[in-house]
Amino acid sequence: KCLAPWLKPFWLKAHWHDRLSRGTSSGDCSTPMAAMSSPAAPVAPHANAAVEVPADPAAAAEASSSEFSKGSSDVGKQQGNLRVILLCIFIASTGFFHGYDNGVVSDVFTMPSFRGMMGWPEVDDAAAAFEKGVTVNGFNIGAAISAVLAGHFIVDKYGRRPALILGSWLFALGGLVQTASMTAWVLILGRLIAGIGVGITSSAGPAYIAEVAPSNIRGAMVGIYQSNICLAIAGASLLNYLDHNMLMGWRISLGVQVLLGVVTAIGLIFCSETPRFLQSAGRPEEALKILTSLRGGDEQVAKQELAMVQAELEEEKQTGSATWAEVFTNPYFRNVVVLGCFVQFFQIITGINAMVSFGGTLFERLGVTGLLSALAPALFFLLGNTIGGFFLVDRLGRRSLLIWGMAAMSLTMIVGGAVALSADDPDHLSEAAGYTVIAMVVGYMFSFGISWGFGAWLYISEIMPLRVRGKAVGLCTGMNWGPANVISAFITPVMIAGPMGPGGTLLFFGLVSAAVVPFAVLCLPETRGRSLEEITPMFRFASCTDFRSFVRGNLRAGVGMGSDAGVASKGKLDLKGASNSNLDLGSA
């Protein structure tokens, strides 16, 4: 009953998709939810209406039996859809790991009891700023290593479910070590362990959801994972606000990680492996049994879906996977991977993790405290992510959101930094200046959530050629977790504690964001509504001359190396000039 209002949009979407795919008229049920939950009431015939008596009772009985079977099938499909939705929601709870561990340290760093344990002064000095950077980067480094390696060595080799269980236990163990720590280095070790666990679950979680959800609700289900990251950041901010002044407050906040990891790991024991992995592992009978249960007992539908999975597996096998040497030496592969790495690098270096992990430190240095500064940025991050991911990305397109989102991020950071720097006392802002800075940070978080928060991950998954997709996405993910996060985590506390101060820090990230806007305009074609065959030729440039054509295509119509006609014909016109290349469309 609690979940029903929240699940209603997904349930209705799946229900009507099934009805329309069978050609059922929408006029036979005016209230879909009522039709799904209760049998139709008998209708008394009109007094003057003639009652039709079937000529053949046996035929009537057979028709009645057919209608009953059809109704039973509908009920089974509805139950199957609900089962899949609940399963995906549970798997998406691993997104809480990522968001909570990233967000919890922001205000823990400002808790008096925690600072006392760490031996930090009341106001950060250079040593405290360095230890903050190392503490945050313990998590980032662990996640970077495992995110790059887990996909091939764990997720694809042993399965999605074992990977999720392992990642959940590691997250819980890391949280336990952090909670019990008495020195800085034990705390950093705990964050390293938790980071390894999150790197594994961030690889396996979305893959699991994408492989069990029906195509008509797959995007929404994967979107819940990203939304949970934002929700966990907001939850961490609220808990930190409530236990900020408690002697054991920081241990309570960090200890929640243990609860999240243990509950999820135990729950995963009762989940099945994905049918796609079982099919790829040579276990088709088990795959069919599980998929049939996920599709409401409709074995025929399950068989058709598994046949498509097998066809995809055969295609991947025939296409093969590019070697690491090809990734770096073939210009058509290398250049699109470099662009993807830049997208992931700019997602972080423009300040988002600085605001998430060090927002509490920044507001404290400005003398801005209270529930508004603690919760508003995280809540608007969640709101922006929901609006962008569920409503705008397929209406406005990826390119528009990435360009205008980054422009808004730049504007809000520059205005916030200017207000903080122009204050009479930069360490204790007036009420008006404080609310202005909060509003600008909130605007930045909303702008990021509506665009680059989910958009950067979506974009790199769409532009990578099939033969290099696994390695390419791994490299881009490593760029995000590794260099981008490590640099951001080290420079942010140093800037806040140094001569630049909080205002200079905001201004710095605003200027960096401004510098990324031209990159988005010149180098990011629109991918909305286009298939892989259409997207691949848009990024086929090898020389400086080709790159100039790529930029001109983006400035003209956002099509890169393609043209409107060329893209519409799935790249045939654009590939003629590359006919002498060793890389044809099939290999790409």
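Residues numbered from 1 in each chain as written. Predicted model: local features only at pLDDT ≥ 70, side-chain atom pairs only at ≥ 80, totals over all residues. Heavy atoms only, no water.

## Examining the overall build of the protein
Item 1. When helices and strands are tallied, the protein shows 26 helices and zero strands.
Item 2. Relative to all contacts within the protein whose residues are 6 or more apart in sequence, the contacts with residues 24 or more apart total 80%.
Item 3. Accessible area for the protein stands at about 26100 Å²; split by element, carbon and sulfur atoms hold 66% of it. (Helix = DSSP H or I, 4+ residues; strand = E, 2+ residues; numbered from the N terminus. Contact = heavy atoms within 4.5 Å. Areas by Shrake-Rupley, 256 points an atom, 1.4 Å probe, with all protein chains shown as cover.)

## Here we look at the nonpolar core
Item 1. Judged by nonpolar contacts, the single largest core of 89 residues is most densely connected at Phe 114, Met 355, Trp 452 and Phe 539.
Item 2. Counting residues per element, this core draws most heavily on helix H15 (residues 331-349), which supplies nine residues.
Item 3. Sequence-distant contacts of Phe 539, defined by excluding residues within four places in its chain, comprise Val 336, Leu 339, Tyr 459, Ile 463, Cys 523, Pro 525 and Phe 550.
Item 4. In this structure, Ile 91, Ala 150, Ala 204 and Leu 268 belong to the second largest nonpolar core, which totals 32 residues. (Core = buried A, V, L, I, M, F, W, Y, C linked by side-chain atoms within 4.5 Å. Buried < 20%, exposed > 50% of the residue type's maximum accessible area, 1.4 Å probe, protein only.)

## Focus on the confidence of the model for the protein
Item 1. With 82% of its residues at a pLDDT of at least 70, the protein reaches an overall mean of 80.
Item 2. Note on residues 57-73: pLDDT under 50 across the span, and three contacts to partners over four residues away in sequence or across chains.
Item 3. Contacts from residues 564-588, a stretch scored under 50 in pLDDT, to residues over four places away or in other chains number 46 contacts. (pLDDT = per-residue confidence, 0-100.)

## Notes on helix H20 (residues 452-463)
Helical periodicity: at 3.6 residues per turn, an α-helix aligns residues three or four positions apart in one direction.
Item 1. The terminal C-alpha atoms of H20, which comprises 12 residues, lie 16 Å apart, in line with the 16 Å expected from a rise of 1.5 Å per residue.
Item 2. The element H20 is largely enclosed, with a buried count of nine among its 12 residues.
Item 3. Within the sequence span of H20, burial applies to Trp 452, Gly 453, Phe 454, Gly 455, Ala 456, Tyr 459, Ile 460, Glu 462 and Ile 463. (Expected span 1.5 Å × (residues − 1).)

## A few points about the packing of aromatic side chains
Item 1. Scanning the entire structure with this criterion turns up 20 aromatic pairs.
Item 2. Here the aromatic rings of Phe 114 and Trp 250 are separated by 5.3 Å at their centres, their planes lie at 70 degrees, and the arrangement is edge-to-face. Residue Phe 114 is located in helix H5 (residues 112-118), and its partner Trp 250 is located in helix H10 (residues 249-268); the two are separated by 136 residues in the primary sequence. Like Trp 250, Phe 114 is buried.
Item 3. Pairing Phe 346 with Phe 519 gives two aromatic rings, centres 5.1 Å apart and planes at 70 degrees, and the pair type is edge-to-face. Taken together, the residues span a long stretch of sequence, with Phe 346 in helix H15 and Phe 519 in helix H22 (residues 501-523) at a distance of 173 residues. Neither residue differs from the other here; Phe 346 and Phe 519 are each classed as buried.
Item 4. Ring pairs connect the aromatic residues Phe 109, Phe 114, Trp 120, Trp 250 and Phe 358, which therefore count as one cluster. (Phe/Tyr/Trp six-rings, centres within 6.5 Å; stacked < 30°, edge-to-face > 60°.)

## Things to note about the packing of H15 against H20
Item 1. As a packed pair, H15 and H20 sit with axes 10 Å apart at the nearest point and diverge in direction by 170 degrees. When the axes of H15 and H20 are compared, the pair comes out roughly antiparallel. Seen from H15, the contacting residues are Val 336, Gly 340, Val 343, Gln 344, Phe 346 and Gln 347; seen from H20, they are Trp 452, Gly 453, Ala 456, Trp 457, Ile 460 and Ile 463.
Item 2. Split into classes, the residues belonging to the contact of H15 with H20 amount to eight nonpolar, four polar and no charged. (Axes fitted to C-alpha atoms, helices over the stretch in contact; angles between N-to-C directions. Parallel < 35°, antiparallel > 145°, perpendicular 65-115°, else oblique. Nonpolar A, V, L, I, M, F, W, Y, C, P; charged D, E, K, R; others polar.)

## Examining the environment of Ala 376
Item 1. Mapped onto the elements of the fold, Ala 376 is located in helix H17 (residues 371-396).
Item 2. For Ala 376, a relative accessible area of 9% puts it in the buried group.
Item 3. Beyond its immediate chain neighbours, meaning those up to four positions away, Ala 376 contacts Leu 371 and Val 442.

## A short note on a nonpolar patch on the surface
Item 1. On the surface, a cluster of nonpolar side chains totalling about 650 Å² of accessible area is made up of Ile 141, Ile 145, Val 148, Leu 149, Phe 153, Leu 189, Leu 192 and Ile 196.
Item 2. Of all the secondary structure elements, the ones that give two or more residues to the nonpolar patch are helix H6 (126-158) and helix H8 (184-212).
Item 3. Sort the elements by how many residues they give to the nonpolar patch and H6 lands first, with five residues.
Item 4. Tracing the sequence through the fold places Leu 189 in helix H8. (Patch = residues over 30% accessible without salt bridge, like charges linked within 9 Å, V, L, I, M, F, W, Y side chains within 5 Å. Salt bridge = Lys/Arg side-chain N within 4 Å of Asp/Glu carboxyl O.)

## Things to note about the pattern of salt bridges
Item 1. Scanning the model with the defined rule gives 10 salt bridges in all.
Item 2. Residues Arg 115 and Asp 124 are paired through a salt bridge, measuring 2.4 Å at the closest nitrogen-oxygen approach.
Item 3. With relative accessibility at 13%, the residue Asp 124 sits in the buried group.
Item 4. A salt bridge links Arg 160 to Asp 156, with the nearest nitrogen and oxygen atoms 3.4 Å apart.
Item 5. On the accessibility criterion, Asp 156 (48% relative accessible area) is partly exposed.
Item 6. Each of Arg 115, Asp 124 and Lys 132 takes part in one network of salt bridges that share partners.

## Focus: the packing of helix H16 (residues 352-365) against helix H19 (residues 431-450)
Two numbers describe a pair of packed helices, the interaxial angle and the distance between the axes.
Item 1. Interaxial distance between H16 and H19 falls to 11 Å at its minimum, and their mutual angle equals 165 degrees. Of the possible angle classes, the one that applies to H16 and H19 is roughly antiparallel. Relative to H19, H16 is oriented so that their crossing is left-handed. Contact residues: Ile 352, Met 355, Val 356 and Phe 363 in H16; Val 437, Ile 438, Val 441, Tyr 444, Met 445 and Phe 448 in H19.
Item 2. Of the residues assigned to the contact of H16 with H19, the class counts are 10 nonpolar, no polar and no charged. (Left-handed = near helix turned anticlockwise from the far one by under 90°.)

## A short note on the side chain of Ser 168
Item 1. The topology assignment puts Ser 168 in helix H7 (residues 160-180).
Item 2. Polar contacts involving the side chain of Ser 168 include one to the main-chain carbonyl oxygen of Leu 164, which spans 2.8 Å.
Item 3. Other than its neighbours up to four places away in sequence, Ser 168 contacts Phe 97, Thr 201, Gly 261, Thr 264, Ala 265 and Leu 268. (Polar contact = N/O pair within 3.5 Å; in protein donor to acceptor, adjacent residues only side chain to side chain.)

## A closer look at the environment of Val 551
Item 1. Counting through the fold element by element, Val 551 comes out in helix H24 (residues 544-557).
Item 2. By relative accessible area, which is 14% here, Val 551 ends up buried.
Item 3. Through-space distance from the C-alpha of Val 551 to that of Phe 519 is 9.9 Å; in sequence the pair is 32 residues apart.

## Concerning the side chain of Thr 361
Item 1. Summarising the element assignment, Thr 361 is placed in helix H16.
Item 2. A residue is classified by how much of its surface remains accessible, and Thr 361, at 4% relative accessible area, is buried.

## Some details on the environment of Val 123
Item 1. As for its placement among the helices and strands, Val 123 is situated in the loop between H5 and H6.
Item 2. Counting along the chain gives 242 residues from Val 123 to Arg 365, while the straight-line C-alpha distance between them is 8.2 Å.
Item 3. In this structure, Val 123 is in contact with Arg 115 and Arg 365, ignoring residues within four places of it in sequence.

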